[in-house]
Amino acid sequence: MHVDLSNRVAIVTGASSGIGRGIALGLAGAGAQVVVADLDDSSPSDAERTTVEAITDGGGTAVFVACDVADDDSVAALVEATVERFGGLDILVNNAGISHAGTIEETTPEEWHRVLDVNLTGVYHGVRHAMSHLKESEAPRIINVASQLAFVAQPEKPAYLASKGGVVSLTRSLAVDYADVPVLVNAVCPGVVSTELTKEALADPERRAAFEQQTLLPYLGEPEDIGAMATFLASDHARFVTGQSFIVDGGYTAQ
Ligand code: NAD
């Protein structure tokens, strides 16, 4: 299957690192012009090159725009900068996310709100500002990054699980409301993927072993595994797919 995203413009939030970086590289590899949106352009991981450098060194087109998805004005400026630079917007990937561990009694209102503000309200901000431009596209796509934890629980992550359940519901809601354009809206729900977010847990041999045991396939996920699904959903091959949440988890939720 040949995926051609040339002449498409994509925003990927949280693309300096991890899964967002994997998605940005996937879309750029298929020819899309990519806006890497993040708090900072330096990857917190050990990557030698920023996401923009990795794309442009490979002959692709990418720019960095600083953005806090929890801030409505910041997201408005991101969309404006994208349209100004590339003349439009075809693909919005709402990927930026944070986690928080602790029972609900241990979670302060500030921690609760920050997780919801980034993971769920950030999607609202992105869609709110991007929609008028997406409607002008010939093949508009919204891809939200939720989590397998929208479907199964892990202990002591109430804010994170609530936010990701919200993203799955919001995905359906948007698909229904914009099907007549049509803007296709789907979510990708990763399982355990090796990134900054999971670094601490995966460094703990006991927790790593538990994740490996629960994952059906004999390996954990890499950012490019999620990038491949997102690239398919962004492509013309996915023209009959909307309102769905695709779990990409090596079989974690199958048992
Ligand atoms: P990561 O920490 O490697 O990357 C997250 C990126 O988002 C970082 O570059 C960070 O700077 C950016 N970010 C954080 N807050 C932001 C904000 N307010 N505005 C803009 N950018 C912001 O984590 P990751 O594992 O790549 O996570 C990416 C997405 O995938 C998240 O939504 C996460 O919940 C989801 N996810 C990850 C896993 C996993 O196992 N890694 C599993 C399921 C879902």
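For the structure, see preceding data.
Everything in this summary refers to the structure shown in the same document. (Residues numbered from 1 in each chain as written. Predicted model: local features only at pLDDT ≥ 70, side-chain atom pairs only at ≥ 80, totals over all residues. Heavy atoms only, no water.)

**Let's talk about helix α3 (residues 72–86)**
In step 1: The end-to-end C-alpha separation of α3 is 21 Å, in line with the 21 Å expected for 15 residues at 1.5 Å each.
In step 2: Buried within α3 we find Ser74, Val75, Leu78, Val79, Thr82, Val83 and Phe86.
In step 3: Next to the buried residues of α3 lie β1 (9–13), β2 (33–38), β3 (61–66) and α4 (109–134).
In step 4: Backbone nitrogen of Asp73 and a side-chain oxygen of the N-cap are separated by 2.9 Å at the start of α3; the cap is Asp71.
In step 5: The first or second residue beyond α3 is Gly87, which carries a positive phi of 85°. (Helix = DSSP H or I, 4+ residues; strand = E, 2+ residues; numbered from the N terminus. Expected span 1.5 Å × (residues − 1). Buried < 20%, exposed > 50% of the residue type's maximum accessible area, 1.4 Å probe, protein only. Contact = heavy atoms within 4.5 Å. Polar contact = N/O pair within 3.5 Å; in protein donor to acceptor, adjacent residues only side chain to side chain.)

**Some details on the sheet that holds strand β5 (residues 141–145)**
In step 1: Strand order in the open sheet formed by 7 strands is β3-β2-β1-β4-β5-β6-β7, and the pairing between neighbours is parallel. The strands lining the two open edges of the sheet, one partner per strand, are β3 and β7 (245–248). Adjacent strand axes in the sheet meet at a mean angle of 20° when their direction is disregarded.
In step 2: Where β5 meets strand β6 (residues 184–190), 5 bridges bridge the pair, whose relative direction is parallel. Bridge pairing in β6 links Ile142 to Val185.
In step 3: With respect to the sheet, α4 is in contact with β4 (91–94) and β5, its orientation differing from that of β4 by roughly 180°. (Pairing = 2+ DSSP bridges. Axes fitted to C-alpha atoms, helices over the stretch in contact; angles between N-to-C directions.)

**Quick word on the side chain of Arg8**
In step 1: Note that Arg8 resides in the segment before β1.
In step 2: Discounting residues that sit within four places of it in the chain, Arg8 has contacts with Ala32, Gln33, Asp90, Ile91, Ala139, Ala234 and Asp236.

**Considering the site of the ligand**
In step 1: Taken together, 28 residues lie near the ligand, and Ser17, Ile19, Asp38, Tyr160 and Thr195 sit nearest.
In step 2: Between the ligand and Lys164 there is a distance of 2.9 Å, counted from an oxygen atom to a side-chain nitrogen or oxygen.
In step 3: Interatomic distance of 2.5 Å between a side-chain N/O atom of Thr195 and an oxygen atom of the ligand.
In step 4: Considered on its own, the ligand offers 820 Å² of accessible surface; in the complex 93% of this is hidden by protein.
In step 5: Of all the secondary-structure elements, those providing two or more residues to the shell around the ligand are α1 (18–29), α4, α5 (158–177) and α6 (196–203).
In step 6: It is α6 that contributes the most residues to the shell around the ligand, 3 residues altogether.
In step 7: Its residues assigned to classes, the shell around the ligand comprises 14 nonpolar, 9 polar and 5 charged. (Near = heavy atom within 4 Å. Areas by Shrake-Rupley, 256 points an atom, 1.4 Å probe, with all protein chains shown as cover. Nonpolar A, V, L, I, M, F, W, Y, C, P; charged D, E, K, R; others polar.)

**Brief notes about the packing of α4 against α5**
In step 1: Two elements in contact, α4 and α5, have axes separated by 8 Å at closest approach and are oriented at 15°. Judged by the inter-axis angle, α4 sits roughly parallel to α5. The handedness of the crossing between α4 and α5 is right-handed. From α4, Trp112, Val115, Leu116, Asn119, Leu120, Val123, Tyr124 and Val127 reach across to α5, where they touch Pro158, Ala159, Tyr160, Ala162, Ser163, Lys164, Gly166, Val167, Leu170 and Leu174.
In step 2: Classifying every residue of the contact of α4 with α5 by side-chain character gives 14 nonpolar, 3 polar and 1 charged. (Parallel < 35°, antiparallel > 145°, perpendicular 65-115°, else oblique. Left-handed = near helix turned anticlockwise from the far one by under 90°.)

**Notes on the nonpolar core**
In step 1: Counting 31 residues, the largest nonpolar core has Ile11, Val35, Leu78, Leu92, Val127, Leu134 and Ile142 as the members making the most contacts within it.
In step 2: Elements represented by at least two residues in this core include exactly β1, β2, β3, α3, α4, α5 and β6.
In step 3: The element best represented in this core is α4, accounting for 6 residues.
In step 4: With residues near it in sequence (within four places) discarded, Ile142 still touches Leu92, Asn94, Val127, Met131, Leu134, Val183, Leu184, Val185 and Asn186.
In step 5: The next biggest cluster of nonpolar side chains, apart from the first, holds 29 residues, and it includes Ala15, Ala28, Ala234 and Ala238. (Core = buried A, V, L, I, M, F, W, Y, C linked by side-chain atoms within 4.5 Å.)

**Some details on the pattern of salt bridges**
In step 1: Taken as a whole, this structure holds 6 salt bridges when the rule is applied.
In step 2: Here Asp236 ties to Arg8 by a salt bridge, and the two come within 3.1 Å at their closest N and O atoms. Here Arg8 lies in the segment before β1 and Asp236 lies in the loop between α8 (223–234) and β7, a separation of 228 residues in the sequence. (Salt bridge = Lys/Arg side-chain N within 4 Å of Asp/Glu carboxyl O.)

**Topic: α1**
In step 1: Between the first and last C-alpha of α1 there are 16 Å, a value that for 12 residues agrees with the 16 Å anticipated at 1.5 Å per step.
In step 2: Summarising burial for α1: 9 of the 12 residues are buried, a large majority.
In step 3: Those residues of α1 lying buried are Gly18, Ile19, Gly20, Arg21, Gly22, Ile23, Ala24, Leu27 and Ala28.
In step 4: At the C-terminal side of α1, Gly31 shows a positive phi close to 105°.

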